[in-house]
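Structural overview for review
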Amino acid sequence: MAEQKKAPMLPCLQIIRFIAAIGVMMSHVGFGDSYLTNIVFSAGVNLFFCISAFLMMYNTQNGTQEKFINKRLIRLLPLYWALTVLTFVASKIIDGLASSDIGFDELIKSLFCIPYYREGLKTDLVVRPIVGPAWTMGYDVWFLPVFALSMKLSHKWRGAICSAVCAMIVLIGNITPENPIGHFMGRHYWLNYIMGILVFYIWKWAENKTEWRKKYIVLWSAVSLIGFLLLYVGQKPLDINILLSFVIIVSFLFCFGKKEMPKWLLWFGKISFSFYLTHYYVILIIGKFINFDTLSIMTCLGTVLAFILSLITGYIGYYLFEEKIGSFLKNLIMKPKKAKTEVSV
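The structure displayed is predicted, hence computed values, not measured ones.

1. Overview of the overall build of the protein
- Broken down by element type, the protein carries 15 helices and 2 strands.
- Of all 345 residues assigned to the protein, the portion counted as buried reaches 49%.
- With the model as given, the accessible surface of the protein reaches about 18500 Å², and the carbon-plus-sulfur share is 68%.

Quick look at the structure:
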């Protein structure tokens with residue numbers, strides 16, 4: 001079988017990823033709750049979900065890639081599993097690391113992204129794993145089989161089928177009795193995936209219309225900027241944040257398309273996932289010495305320090321788990337099977 005042609009990269013998406021990760025970090029520092037109450041930095045997670053669905057559509061457009069689920073899981077799970085086990089062990093040693101004693105059953109549920117209720121450090125009962133920020137992992141991990149099944153049924157109509165299933169999941173979640181799984185299914189975050197799929201179809205229509213996109217580049221730039229401002233400022237319903245994420249990604253693609261980006265910007269984008277998973281631990285440690293509940297010079301310096309250290313832990317996580325361990329697992333799990341040679345008798 002001829003090898004399928006790989007879709008060209010879209011470097012500009014790396015920038016959106018890192019902006020989203022910074023927003024989430026700022027919400028965990030506490031600015032979103034304590035000082036700037038009208039700013040909702042955590043809305044950036046909507047961008048992550050939209051981009052995930054878009055890239056799945058984009059990377060499978062030239063044919064069915066049977067191993068795309070393995071590639072995605074190899075990228076997501078090693079660092080997440082390491083942090084989950086580390087948090088579980090550390091919670092038995094360090095007081096205050098978790099809001100309550102973490103049981104072995106919670107460890108298993110967290111490792112396999114099974115929704116369950118637990119107490120958060122800053123909130124009451126929530127549906128999230130041991131690694132707090134990784135609650136988004138559950139949606140990405142469970143979206144994978146939904147997308148794979150849709151692609152199996154029809155590659156051409158995978159986007160439409162997947163969108164219908166995501167909408168059905170939200171509907172079922174909202175009519176089932178309140179429980180962790182119903183809560184997980186009923187959240188409108190699933191609609192981000194529908195928006196990401198829609199972004200793909202819009203981009204495919206506009207991909208080669210370079211002259212038309214250049215003609216209105218000032219408009220796309222303005223829409224992107226305004227979209228980011230509206231996403232992060234003011235308390236809005238989740239549905240509005242989903243719509244704003246859709247507008248931001250479309251306008252950003254129209255503005256930059258396949259243009260090369262500076263390497264340092266791409267570096268930030270590459271480490272965004274590891275940055276996202278590790279920054280909360282950095283903030284917890286610094287919070288032992290700096291009170292983030294009071295606005296002061298020390299708080300600002302602590303925030304800068306948290307950002308720098310999160311970049312370092314993000315790079316270490318990316319290098320060790322996405323580059324080294326990820327490459328090892330790909331070679332181990334996805335190595336092409338050697339063709340059997342026939343022996344003449």
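2. Focus on the packing of helix H3 (residues 45–59) against helix H6 (residues 135–153)
- At a minimum axis separation of 11 Å, H3 and H6 run at an interaxial angle of 20°. Judged by the inter-axis angle, H3 sits roughly parallel to H6. You can see that H3 and H6 cross each other, and the crossing is right-handed. Every residue of H6 that contacts H3 at Val45, Phe49, Ser52, Ala53, Met56 and Met57 is listed here: Trp135, Thr136, Tyr139, Asp140, Phe143, Leu144 and Phe147.
- Here the residues of the contact of H3 with H6 sort into 10 nonpolar, 2 polar and 1 charged.

3. Quick word on helix H12 (residues 238–256)
- For H12, with 19 residues, the first-to-last C-alpha span of 27 Å sits near the 27 Å given by 1.5 Å per residue.
- Looking at the residues trailing H12, positive phi occurs at Gly257, about 55°.

4. Comments concerning a nonpolar patch on the surface
- A cluster of nonpolar side chains, contributed by Trp267, Val304, Leu305, Ile308, Leu309, Ile312, Tyr315, Ile316, Tyr319 and Leu320, occupies part of the molecular surface with about 850 Å² of accessible area.
- The leading source of residues in the nonpolar patch is helix H15 (residues 297–333), at 9 residues.
- With respect to the element layout, Leu320 can be found in helix H15.
- Here Leu320 falls in the partly exposed class, since its relative accessible area comes to 39%.

5. Some thoughts on the pattern of salt bridges
- For the coordinates displayed, the defined rule picks out 5 salt bridges.
- For Asp140, the salt bridge is made with Arg72, and the minimal N-O distance between the two is 3.1 Å. Of this pair, Asp140 sits in helix H6 while Arg72 sits in helix H4 (residues 68–91); the two residues are 68 residues apart in sequence, bridging distant segments of the chain. An identical accessibility class is assigned to Asp140 and Arg72; each is buried.
- With a closest N to O distance of 3.0 Å, Lys258 and Glu207 form a salt bridge. Here Lys258 is found in the loop between H12 and helix H13 (263–270), whereas its partner Glu207 is found in the loop between helix H9 (190–206) and helix H10 (210–215), with 51 residues between them in sequence.
- We classify Lys258 as partly exposed; its relative accessible area is 36%.
- Take Glu207: its relative accessible area is 8%, and that puts it in the buried class.
- Bridged by salt links that share partners, the residues Lys204, Glu207 and Lys258 form one connected network.

6. As for empty space enclosed by the protein
- The full count for this structure, using the stated rule, is 1 cavity of 30 Å³ or more.
- Volume-wise, the largest cavity comes out at about 220 Å³.
- Phe48, Ser52, Arg72, Asp140 and Phe273 are, among the 14 residues lining the largest cavity, the residues nearest its centre.
- Sorting the residues of the lining of the largest cavity by element identifies H3, H4, H6 and helix H14 (272–286) as the ones contributing at least two each.
- By residue class, the composition of the lining of the largest cavity is 7 nonpolar, 3 polar and 4 charged.

Thresholds applied
- All residue numbers here refer to positions counted from 1 along the written sequence of the relevant chain.
- Only residues with pLDDT of at least 70 get local features here, since the model is predicted, and only at 80 or more are side-chain atom pairs given and counted; chain-wide, interface and lining totals rely on the full set of residues.
- To obtain the side-chain values, all non-hydrogen atoms of the structure were used and water was disregarded.
- A run of DSSP states H or I qualifies as a helix once it reaches four residues; a run of E qualifies as a strand once it reaches two. Both are numbered from the N-terminal end.
- Summary of the burial criterion: residues with accessible area below 20% of their type's maximum are buried, those above 50% are exposed, and those between are partly exposed, where the area comes from a 1.4 Å probe applied to protein chains only.
- Using a 1.4 Å probe, accessible areas were evaluated by the Shrake-Rupley method; residue-level cover was limited to the displayed protein chains.
- Simply put, an axis is a line fit to the C-alpha atoms, just over the touching stretch for a helix, and the angle between two N-to-C directions goes from 0 to 180 degrees.
- An angle below 35 degrees is treated as roughly parallel, one above 145 as roughly antiparallel, one from 65 to 115 as roughly perpendicular, and anything else as oblique.
- Whether a crossing is left-handed or right-handed is set by the direction in which the near helix is turned from the far one by less than a right angle, anticlockwise for left-handed and clockwise for right-handed.
- Any two residues having at least one pair of non-hydrogen atoms within 4.5 Å are treated as being in contact.
- By the convention adopted, Pro, Cys, Tyr, Trp, Phe, Met, Ile, Leu, Val and Ala count as nonpolar, Lys, Arg, Asp and Glu as charged, and the other residues, Gly among them, as polar.
- Helix span, expected: 1.5 Å multiplied by one less than the number of residues in the helix.
- Candidates for patches are residues over 30% relative accessible area with no salt bridge; among them, like charges are joined within 9 Å and nonpolar side chains (Val, Leu, Ile, Met, Phe, Trp, Tyr) within 5 Å.
- For this analysis, a salt bridge means a side-chain nitrogen from Lys or Arg found within 4 Å of a carboxyl oxygen belonging to Asp or Glu.
- The definitions used throughout rest on a 1 Å grid laid over the protein atoms alone, on which a cavity is an enclosed set of points accommodating a 1.4 Å probe that cannot get out and a pocket is an open set flanked by protein within 12 Å on both sides along at least five of seven lines; lining residues are those having an atom within 4 Å of a point.
- Grid points are joined across faces, edges and corners, and a volume is the space filled by probe spheres set on the points.

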